[in-house]
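What follows is the residue order along each chain.
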Amino acid sequence: GLSAPLKPTGAAARVYFEAPREVAQRFTHLTIAYCDGWCPGYGWIFPGPGNRLNVGVGIFGTDGKRLRAFWDDFQTRFAPAAEIVSTSQRLTEFRGAPLRTGLIGAQLGRPGLLVLGDAASMTYPGTGEGIGIADIGAGHRHRTVAGQPVPPVLISCLQRLLDQQPAEARAV
């Protein structure tokens, strides 16, 4: 394994809804909402198949204790979220997890182990999105397993990102 788990930089939680078709059709792209009163946080609406929507919130600098209150505020003050909540069938409970973002304290692996995605703090701080960067890394890992080297530009890019972090945030 690697050293001790990284301390979360924030927390995020979401609820899945099945929306009426006419509501779901208006959400064809990821919607991210910021508001002065929510900083350092954000809310999102992420469309999925079958009129399903992922609606949630993320907040930084907290262990998640304020997350429920933030969710309550977001779903009432942000009109698109309020409409989804009031017109849609709730499919899941409000569920969340800690966020580790921005490569802070990241360890990208050791001999025989490559760490990618959320496990390497590769989640984007501004949106909480991490699947994109994990997918890119996984594609490069697949090439390595298939006998093709990881492009040096990826390694140098990740190293530059790590080098830009404050010394106390870098992995030892």
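Within every chain, residues take consecutive numbers counted from 1 along the sequence as written. Local features in this predicted model are restricted to residues of pLDDT 70 or higher, and side-chain atom pairs are both shown and tallied only at a pLDDT of 80 or more, whereas totals for entire chains, interfaces and linings draw on every residue. Computation of side-chain values: all heavy atoms of the structure, hydrogens and water removed.

## Considerations on the overall build of the chain
Put simply, the rule is: We count a stretch as a helix when DSSP gives it H or I for four or more residues in a row; a strand needs E for two or more, and each element gets its number in order from the N terminus. Type-normalised accessible area, obtained with a 1.4 Å probe on protein chains alone, sets the label of each residue: buried when under 20%, exposed when over 50%, and partly exposed for intermediate values. Whether two residues are in contact is decided by their heavy atoms: any pair within 4.5 Å suffices.
In terms of helices and strands, the chain carries five helices and eight strands. Scanning the chain from its N terminus toward the C terminus, one meets helices and strands in the order β-α-β-β-β-α-α-β-β-β-β-α-α. Out of the 172 residues belonging to the chain, those deemed buried represent 35%. Within the chain, counting contacts between residues at least 6 apart in sequence, those at least 24 apart form 62% of the total.

## Some thoughts on the side chain of T92
Convention followed: For the purposes of these results, a polar contact is taken to be a pair of N or O atoms within 3.5 Å, where, inside protein, one atom must be able to donate a hydrogen and its partner to accept one; residues adjacent in sequence count only when each atom of the pair is a side-chain atom.
Locating T92 in the fold gives a position in the loop between β5 (89-90) and β6 (95-99). Separated by 2.9 Å, the side chain of T92 and the backbone nitrogen of Y16 make a polar contact. Setting aside residues up to four positions removed in sequence, T92 forms contacts with R14, V15 and Y16.

## Observations concerning the environment of W71
Mapping W71 onto the fold places it in helix α2 (residues 67-77). Here W71 falls in the buried class, since its relative accessible area comes to 1%. Considering only alpha carbons, one finds W71 and Y42, 29 residues apart in sequence, at a separation of 9.9 Å. Apart from the residues within four sequence positions on either side, W71 is in contact with V15, F17, V55, G56, V57, V85 and F94.

## Things to note about the nonpolar core
Applied cut-off: Grouping buried Ala, Val, Leu, Ile, Met, Phe, Trp, Tyr and Cys residues that are joined through side-chain atoms within 4.5 Å yields what is termed a nonpolar core.
Counting 23 residues, the largest nonpolar core has V55, W71, F74 and I84 as its most contacted members. Secondary-structure elements contributing two or more residues to this core are β1 (10-18), α1 (21-24), β4 (52-60), α2 and α3 (79-87). Those residues in contact with I84, other than ones at most four positions away along the chain, are F17, V23, F27, I45, L53 and V55. Core analysis: the next-biggest nonpolar cluster, separate from the first, contains five residues, A12, Y42, W44 and L99 among them.

## Quick look at the environment of T28
Along the chain, T28 turns up in the loop between α1 and β2 (31-33). Remark: the alpha-carbon pair of T28 and I45, spanning 17 residues in sequence, is separated by 9.8 Å. Among the polar contacts listed, one links the side chain of T28 to the side chain of H29, at a separation of 2.9 Å.

## Overview of the packing of aromatic side chains
Short version of the rule: Working definition: a ring pair exists when centres of Phe, Tyr or Trp rings (six-membered ring for Trp) sit within 6.5 Å. Plane angles under 30 degrees give stacked, over 60 give edge-to-face, the rest tilted.
Enumeration over the complete set of coordinates arrives at six aromatic pairs. An aromatic cluster is defined as three or more aromatic residues linked by ring pairs; in this entry it consists of Y34, Y42, W44 and F60.

## Thoughts on the pattern of salt bridges
Between side chains of opposite charge, a pair can form as their charged atoms come close. So the rule is basically this: Any Lys or Arg side-chain nitrogen found within 4 Å of a carboxyl oxygen on Asp or Glu counts as a salt bridge.
Tallying each qualifying case throughout the model produces two salt bridges. Across the pair R26 and E83 runs a salt bridge, and its minimum N-O distance is 2.4 Å. Of this pair, R26 sits in the loop between α1 and β2 while E83 sits in helix α3, and the two are 57 residues apart along the sequence. Residue class for E83 comes out partly exposed when judged on its relative accessible area of 28%. In this structure, the salt-bridge partner of R77 is D73, at a minimum N-O distance of 3.2 Å. Residue R77 and its partner D73 are both found in helix α2; the two are separated by four residues, about one turn of the helix.

## Topic: the pairing of β1
Formally: Two strands make a pair as long as DSSP finds a minimum of two bridges between them.
Sheet analysis places β1 next to β4, joined by nine bridges and oriented antiparallel. Opposite Y16, over in β4, you have N54 as the bridge partner. Here five bridges tie β1 to β6, and the two strands are oriented antiparallel to one another. Residue pairing across strands places A13 opposite G96, the latter belonging to β6. Relative to β5, β1 is paired through two bridges, and the arrangement is antiparallel. Within the sheet, the bridge partner assigned to F17 lies in β5 and is R90.

Read these as spatial facts, not as claims about activity.
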